[in-house]
Amino acid sequence: GDSVTQMEGPVTLSEEAFLTINCTYTATGYPSLFWYVQYPGEGLQLLLKATKADDKGSNKGFEATYRKETTSFHLEKGSVQVSDSAVYFCALRGIENTGGFKTIFGAGTRLFVKA
Amino acid sequence: NAGVTQTPKFQVLKTGQSMTLQCAQDMNHNSMYWYRQDPGMGLRLIYYSASEGTTDKGEVPNGYNVSRLNKREFSLRLESAAPSQTSVYFCASSDFGAYRRDNEQFFGPGTRLTVL
């Protein structure tokens, strides 16, 4: 079945460092790909998404490119801030055998940014 | 516009007790979902409701029941709580049902449940 694998955390960085969180997926067909972010004590919220190969999703300085050839959707940010400390979830939305779509989440990667 | 709200925020139960987690959304969304979040396992779907009047099992439905009370409200019931149900529970909603490929979900703040 479909699955999402993301790098284990926690990831600890200093402010202004470059961030990469790796995400790879397994899916039949052409899923949509998402990054969600969960700030402490809150629910998940959509950070960015991409719906087809080579699409780049971007928001708040974060970017991720849908790479079909490597089945990856790595999250990057050029200069992290303390306020980026959160848990980041990679997710895919793919077709299931009933003909509808379902969302599958990765395990999440916790990011700590030190001042 | 409150988005998705959940009550309670925290709950402690003893094994065998029952309780209902409440969820409401004010975005006029058709679909609603219940997830549980456990360390190292991401979010796992318990039940979902593609539209008012329908409910379907997700990945981990055992030990739970749901009710889609109306378009706004979707409750999750634990009939006889077990320690394995200790988790953080999230309710979510989305504008379109299961037949939209780029469907974004909107999440509530979660309920932290401990079963002793």
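Relevant structure appears above.
Residues numbered from 1 in each chain as written. Chains lettered and ligands numbered in written order. Predicted model: local features only at pLDDT ≥ 70, side-chain atom pairs only at ≥ 80, totals over all residues. Heavy atoms only, no water.

Trainee: Whenever I open this one, the side chain of Gln37(B) confuses me. Can you help?
Mentor: In this structure, Gln37(B) sits in strand β4 (residues 31-37). Given the relative accessible area of 15%, Gln37(B) is considered buried. For Gln37(B), the contacting residues outside a window of four places in its chain are Gln38(A), Phe89(A), Gly42(B), Leu43(B), Ser87(B), Val88(B) and Phe90(B). (Helix = DSSP H or I, 4+ residues; strand = E, 2+ residues; numbered from the N terminus. Buried < 20%, exposed > 50% of the residue type's maximum accessible area, 1.4 Å probe, protein only. Contact = heavy atoms within 4.5 Å.)

Trainee: Sorry if this is basic, but what is going on with the state of the cysteines here?
Mentor: What makes a disulfide is a covalent bond joining the sulfur atoms belonging to two cysteines. Across all of its chains, the model carries two disulfides over all chains by this definition. Two residues, Cys23(A) and Cys90(A), share a disulfide whose sulfurs are 1.9 Å apart. One disulfide, between Cys23(A) and Cys90(A), carries an S-S torsion of -70° and so falls in the left-handed class. Placement of the pair is Cys23(A) in strand β4 (residues 23-26) and Cys90(A) in strand β10 (residues 86-95), with a sequence separation of 67 residues. The same class applies to Cys23(A) as to Cys90(A), namely buried. Disulfide pairing places Cys23(B) opposite Cys91(B) at an S-S distance of 1.9 Å. Its S-S torsion of approximately -70° makes the covalent link between Cys23(B) and Cys91(B) left-handed. Pair noted here: Cys23(B) is in strand β3 (residues 19-25) and Cys91(B) is in strand β9 (residues 87-94), with a separation of 68 residues, a long-range link. The pair formed by Cys23(B) and Cys91(B) is uniform in burial state, with each residue classed as buried. (Disulfide = S-S within 2.5 Å.)

Trainee: What is the right way to read the pairing of β9(B) from this model?
Mentor: A regular strand places its side chains on the two faces of the sheet in alternate fashion. Residues and elements named next belong to chain B. Among the eight residues that make up β9, eight are buried, leaving the element largely enclosed by the rest of the structure. Alternating positions in β9 separate into two faces, Ser-87, Tyr-89, Cys-91 and Ser-93 on one and Val-88, Phe-90, Ala-92 and Ser-94 on the other, with burial throughout. When β4 meets β9, the two strands line up antiparallel, connected through seven bridges. Directly across from Met-32, in β9, lies its bridge partner Ser-93. Of the strand pairs in this sheet, β9 and strand β11 (residues 111-115) are connected by three bridges, and their pairing is antiparallel. Residue Val-88 lies in a different strand from β11, and its bridge partner there is Arg-112. Looking at chain direction, β9 and strand β10 (residues 106-107) are connected through two bridges and run antiparallel. Residue pairing in the sheet places Ala-92 in a bridge with Phe-107 of β10. (Pairing = 2+ DSSP bridges.)

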